[in-house]
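Architecture at a glance
Spelled out, the chains give:
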Amino acid sequence: MKPVRAIIGLLGLSALAWGGWMAYPMTKDIYTWFLGPAILDDAIVLPVAGLLSLAVARLTSPAWRWPLHFGIGATAVIVYLAVTEIWRPYGFPPKPGLHDRDYPTDTLVTLAVVWAVVVLAGLLRARTARRRQDQGGDPPLRVQESPLPSEKAGA
Amino acid sequence: MVERKGRTVVRRATAVLSRDRVNALRDRVFRPETRLGRLKARTDRLQDKAFGLLRFKSLVHDPKVTSRIGSWLGIAFTICFVTGVISHFIQHPAAWFYWPSRPVNLYRITQGAHVISGVAAIPLLIAKLWTVYPKLFERPAVKSVLHALERISILVLAGAAFFELASGTFNAAQNYPWSFFFTTAHYAVAWIAFGSLLVHIAVKLPIIRESLTREKRREIDVSRRAFLRTTWLTSGVAVLVFGGSTIPFLRNVSALSERSDNGSQGLPVNRTAKEASVTTVDSSWRLEVVGPNGTTTFSREQLQSMRQTTAELPIACVEGWSQTANWSGVPVMDLLEAVGAPQGSSLRVSSLEKGGLYNSTTLPGTHTADPLTLLALRLEGKVLDLDHGYPCRIIAPSRPGVLQTKWVKRLEVIT
């Protein structure tokens, strides 16, 4: 076990040093893009995700919780990928067959499909939960009451 | 004797770096009666108040969840790294490097896998960081020198991972809001990312092994499983909305695919003739082929009168998009034969384009010996558009699009 860890660690340190040696002489901008997104993630993305999860946990029934989490996560990823195509002050102009789609409309349609799936999944799960409750069984979705959202992410 | 001395040195070094030593040093520096000590006490009280608000009770902040997501993230990053290094060496070949010309879709698959695994890794990275988010606030922030090094290595890993994903996705969109040269920076930081990933695995291996045992996997309850499924689904959505760039059956589903069907002759154009300053090519154009017996010239009519081969080959861009088309033209091996050059010779291919990073490329012997490597004159049965490289272009199997030189002017046998 120990030799394996040592070999992996040494290989890693060598690769890290090689990459650092290549990156060191590059423009300072590289450090901004190295640290910027990581800080943005810790200082904004994750706290906002935590607060949204908390809001979902407090304001919705368990049946809706995970569909809503999926909707929020998928929306964030779609919006990020859309930004790379739509916000282009530093981008190459579109060319025949490349970056020439109607990205705003396509993004809105995709988000509409995602949220339609979220609503459908939420309704189905809520109906299943109601039926099971009506049949006298334990509400099956109660076990999901303390997942991701239940913390107080006040950062 | 030497060994004993070595052990003593290691023991002393470990003692110096031990947690107790660090704590003792800290206590000495921040003695309560000193100004520094009082400042620290005040800061600690403020921190306690602030961190009191943070109560991470979620079940997903759990090594079992972290390890599951981390495994997939590790796989995605390994695919990205290996395929990226392959692409680098195809473009900057070392003497020992060999890249086959078959299967014809090989580069399309490796580069498609590179971009798709990168996009899939975005939700995985954020979900993984969420599972370990409480550790960011753990106190004391630094327990020992080794602990400090471990925290710094995680910062390097996260920074490099975000750098690769952010710069890669913006590059796929040909969008460059930075001043560094993307290709070299992305390549250098890839080594940092993969290296720090290996260091992280080496440090965390016991926890990873413990968390991924069958017993521990059985302990993953409904809510943790739901979190994992949500993460997989979100990664799946990222692949769906982007993957149509390279996966044919997703073409009409992927809203954020780089490519559309509006390219000239049905094929995207990455570098237009206007960008390359190739405005017109008249009938005086001649292809120069420099062989062992001097230079031979060919007019377009002469090239058309030679044996023509039609092949279905992909254009596979380094930025991830790819598309197959039917190309017709003269096999490069026939041109080598016509000028008396040995089969399997490497060729330097020069374009009419004056500037640009890729106006001259090298076609290795493996590819010139492949009968499907063409000096293409026609695309889908029609004469090449100027945007696609009229009067002729190179199209070879399993090669990056940037090396499929357009507006070819000269071929030079170099070995």
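The coordinates are above.
Residues numbered from 1 in each chain as written. Chains lettered and ligands numbered in written order. Predicted model: local features only at pLDDT ≥ 70, side-chain atom pairs only at ≥ 80, totals over all residues. Heavy atoms only, no water.

1. Describing the side chain of T405(B)
Note the threshold: Going along the chain from the N terminus, every DSSP run of H or I of four or more residues is numbered as a helix, and every run of E of two or more is numbered as a strand. Here a polar contact is recorded for every N or O atom pair within 3.5 Å, except that within protein the pair must consist of a potential hydrogen donor and a potential acceptor, and residues adjacent in sequence are included only if both atoms are side-chain atoms.
Here T405(B) is to be found in the loop between β9 (393-395) and β10 (408-413). A distance of 2.7 Å separates polar atoms of two side chains, one belonging to T405(B) and the other to T361(B).

2. As for the packing of helix α3 (residues 62-86) of chain A against helix α4 (residues 103-134) of chain A
Residues and elements named next belong to chain A. The line we're drawing: Inter-axis angles, ranging from 0 to 180 degrees, are taken between N-to-C directions of lines fitted to C-alpha atoms, where helices are fitted over the stretch in contact. Oblique is the label for any angle not under 35 degrees, not over 145, and not in the 65 to 115 range, which are roughly parallel, roughly antiparallel and roughly perpendicular in turn. Three residue categories are used. Nonpolar comprises Ala, Val, Leu, Ile, Met, Phe, Trp, Tyr, Cys and Pro, charged comprises Asp, Glu, Lys and Arg, and polar comprises the others, including Gly.
α4 packs onto α3 with a crossing angle of 170° between their chain directions and a minimal axis gap of 8 Å. Of the possible angle classes, the one that applies to α3 and α4 is roughly antiparallel. Considered class by class, the residues forming the contact of α3 with α4 number 23 nonpolar, five polar and two charged.

3. Structural notes on the interface of chain B and chain A
Many structure descriptions define interface size as the accessible area lost when the parts assemble. Heads up, the condition is: The contact definition used throughout considers only heavy atoms, calling two residues in contact when any of these lie within 4.5 Å. The term buried area means the drop in 1.4 Å probe accessible area that two parts suffer when joined, counted for both and summed. Note on definitions: salt bridges are taken to be side-chain nitrogens of Lys or Arg within 4 Å of carboxyl oxygens of Asp or Glu.
Across the boundary between the two partners, chain B contributes 84 residues, which contact 70 residues of chain A. When chain B packs against chain A, the two sides together hide about 6,600 Å² of surface, and 73% of this comes from carbon and sulfur. Broken down residue by residue, the surface that chain B buries against chain A is led by W130(B), Q174(B) and L256(B), which jointly contribute 10%. The interface formed by chain B and chain A contains one salt bridge. The salt bridge partner of K95(A) is E275(B), with a shortest N-O separation of 3.8 Å. Our count for the contact surface shared by chain B and chain A stands at 24 residue pairs in polar contact (both at pLDDT 80 or more). Looking at the side of chain B that touches chain A, the elements with two or more residues in it are α5 (106-131), α6 (145-172), α7 (182-211) and α9 (222-242) of chain B. Residue composition of the side of chain B that touches chain A, grouped by class: 55 nonpolar, 21 polar and eight charged.

4. Let's talk about the nonpolar core
Formally: Only buried Ala, Val, Leu, Ile, Met, Phe, Trp, Tyr and Cys residues count toward a nonpolar core, and they belong to the same one when joined by side-chain atoms within 4.5 Å. Think of it in three bands: residues with accessible area under 20% of the maximum for their type are buried, residues over 50% are exposed, and the middle band is partly exposed, with areas taken using a 1.4 Å probe on protein chains only. Either an automatic procedure or a domain database provided the assignment from which the domain bounds are taken.
Within the largest apolar cluster, 98 residues are counted, with the highest numbers of intra-cluster contacts made by I30(A), F227(B), L256(B) and W327(B). For this core, the element with the most residues is α7(B), which contributes 12 residues. Summarising the domain contributions, this core has at least three residues from each of domain 1 (63-250) and domain 2 (266-413) of chain B. Ignoring anything within four residues of it in the chain, the contact list for L256(B) reads I78(A), L81(A), A82(A), E85(A), Y103(A), T107(A), V241(B) and F242(B). The next biggest cluster of nonpolar side chains, apart from the first, holds 27 residues, and it includes A273(B), A276(B), L363(B) and L375(B).

5. Section: the sheet that holds strand β2 (residues 294-298) of chain B
Residue and element names in this part refer to chain B. To be explicit about the condition: Two strands pair if DSSP finds at least two bridges between them.
If you walk across this open sheet you meet the five strands as β2-β1-β10-β5-β6, and the pairing is mixed. Every interior strand has two partners, whereas the edge strands, β2 and β6 (360-363), have only one. Sheet twist, expressed as the average angle between the axes of neighbouring strands with direction ignored, equals 20°. Two elements, strand β1 (residues 287-291) and β10, share three bridges in a ladder whose sense is parallel.

6. Overview of the pattern of salt bridges
All names here are of chain B. The final tally for this structure, using the stated rule, is 15 salt bridges over all chains. The residue R31 makes a salt bridge to E33 at a minimum N-O spacing of 3.3 Å. Under the relative-accessibility criterion, E33 is labelled exposed at 54%. In this structure, R102 and D370 form a salt bridge, with 2.8 Å as the shortest nitrogen-oxygen distance. Of this pair, R102 sits in the loop between α4 (63-91) and α5 while D370 sits in the loop between α12 (365-368) and β7 (374-379), placing them 268 residues apart in sequence. Judged by relative accessible area, which is 40%, R102 ranks as partly exposed. Note on D370: relative accessible area 5%, which makes it buried. Overlapping salt bridges, with partners in common, bring together D62, K64, D221 and R224 in one network.

7. So, a positive patch on the surface
Residue and element names in this part refer to chain B. Note the cut-off: Patches were defined on residues exceeding 30% relative accessible area and lacking a salt bridge, with like-charge contacts within 9 Å and nonpolar side-chain contacts (Val, Leu, Ile, Met, Phe, Trp, Tyr) within 5 Å. Calculation of accessible area relied on Shrake-Rupley with a 1.4 Å probe; when residues are assessed, cover is drawn exclusively from the protein chains displayed. In this count, Lys and Arg are taken as positive residues and Asp and Glu as negative ones, while His and the chain termini are left out. By convention, the point assigned to a charge is CZ for Arg, NZ for Lys, CD for Glu and CG for Asp.
The grouping of R35, R38, R42 and R45 at the surface amounts to a positive patch. Residue position: R35 is located in helix α3 (residues 35-52). What makes R35 exposed here is its relative accessible area of 70%.

Functional significance is not addressed by these values, which are geometric in nature.
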